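An overview of the molecular structure
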Amino acid sequence: MIDHIGLDVSDIGRSRAFYSAALAPLGYRLVAEERDGAWTVVMFGIEGPEFVIADKDRPGEANHVAFRARTRAEVDAFHEAALTAGGRDNGAPGVRENYGPTYYAAFVLDPDGFNIEAVCHAPG
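Presented here is an overview of the structure given in this document.

Calculation rules
For every chain, the first residue of the written sequence is number 1, and numbering continues from 1 along that sequence. The predicted origin of the model limits local features to residues at a pLDDT of at least 70 and limits the giving and counting of side-chain atom pairs to 80 or more, whereas totals for whole chains, interfaces and linings rest on all residues. Heavy atoms from the whole structure form the basis of all side-chain values; hydrogens and water molecules are not counted. Helix and strand assignments come from DSSP, with helices taken as H or I runs of at least 4 residues and strands as E runs of at least 2, each series counted from the N terminus. Throughout this description, buried means an accessible area under 20% of the type-specific maximum (1.4 Å probe, protein chains only), exposed means over 50%, and partly exposed covers the range between. Polar contact criterion, stated in full: a pair of N or O atoms within 3.5 Å, where within protein one must be able to donate a hydrogen and the other to accept it, and residues adjacent in sequence count only if both atoms are side-chain atoms. Contacts are assigned to residue pairs that have any heavy atoms within 4.5 Å of one another. One side-chain nitrogen of Lys or Arg within 4 Å of one carboxyl oxygen of Asp or Glu is enough to make a salt bridge.

**As for the side chain of Asn115**
By the secondary structure assignment, Asn115 is in strand E8 (residues 115–120). Of the residues examined, Asn115 reaches a relative accessible area of 19% and is grouped as buried. Of the polar contacts made by the side chain of Asn115, one reaches the side chain of His64; its length is 3.1 Å. A distance of 3.0 Å separates the side chain of Asn115 from the side chain of Asn90, its partner in a polar contact. Not counting chain neighbours up to four residues away, the residues in contact with Asn115 comprise Asn63, His64, Val65, Asn90, Phe107, Val108 and Leu109.

This is how it looks when you write it as C-alpha cells:
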C-alpha cells in the first residue's frame, strides 16, 4: 500500500491549479501548503497528505501515477476535469482488458508531461 507520492514540478502554481481541478472528482483536496525560502510543497489528499508536489528539484522523466477511483463515473469526471484544467489526453476513459476485465481507466498528461491515471477496479 502506498502512503504518499511526491513529484517535483516545473511550475508550482500551474501544477497546483491542474491537480486541484483534476483530483477533485476523486475526492482529493488541498490539505497543506508549505513554503521554505525559494521552494513550495503542496499536499493533496482525502484523509491527509497522500499526493505531494514541490518545486524544489528538477522534474523527473517518465513518471506515472495512478489514483484509485471508487466508480467509473469518477474516472470519467477526472478525465474531463483534467482536460479542462489544461491536461492532454493520453487515453480516454474505458476498459483496459490487457490489465484485467474490470480495469476501467483514463490517462492524461499533466503540465510537465507526467502520465496521470485514474482507475476503477469495480465491475460495470
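Picking up after the structure, the text goes on.
**Section: the pattern of salt bridges**
Scanning all chains against the criterion turns up four salt bridges. Between Arg16 and Glu33 there is a salt bridge, with its nearest N and O atoms 3.0 Å apart. Residue Arg16 is located in helix H1 (residues 12–23), and its partner Glu33 is located in strand E2 (residues 29–36); the two are separated by 17 residues in the primary sequence. Look at Arg16 and you get partly exposed, because its relative accessible area is 21%. The exposure class of Glu33 is partly exposed, given its relative accessible area of 30%. Of the charged contacts, one joins Arg70 and Glu74 as a salt bridge, the two residues approaching to 2.6 Å between their closest N and O atoms. For Glu74, a relative accessible area of 11% gives the class buried. Taken together, the salt bridges that share partners define one network made up of Arg16, Glu33 and Arg35.

**Looking at the environment of Arg35**
Looking at the secondary structure, you find Arg35 in strand E2. Sequence separation between Arg35 and Ala54 is 19 residues; the distance between their C-alpha atoms is 9.6 Å. Beyond its immediate chain neighbours, meaning those up to four positions away, Arg35 contacts Arg16 and Thr40. Of the polar contacts made by the side chain of Arg35, one reaches the side chain of Glu33; its length is 2.9 Å.

It is worth stressing that arrangement in space is one thing and function is another; only the former is reported here.
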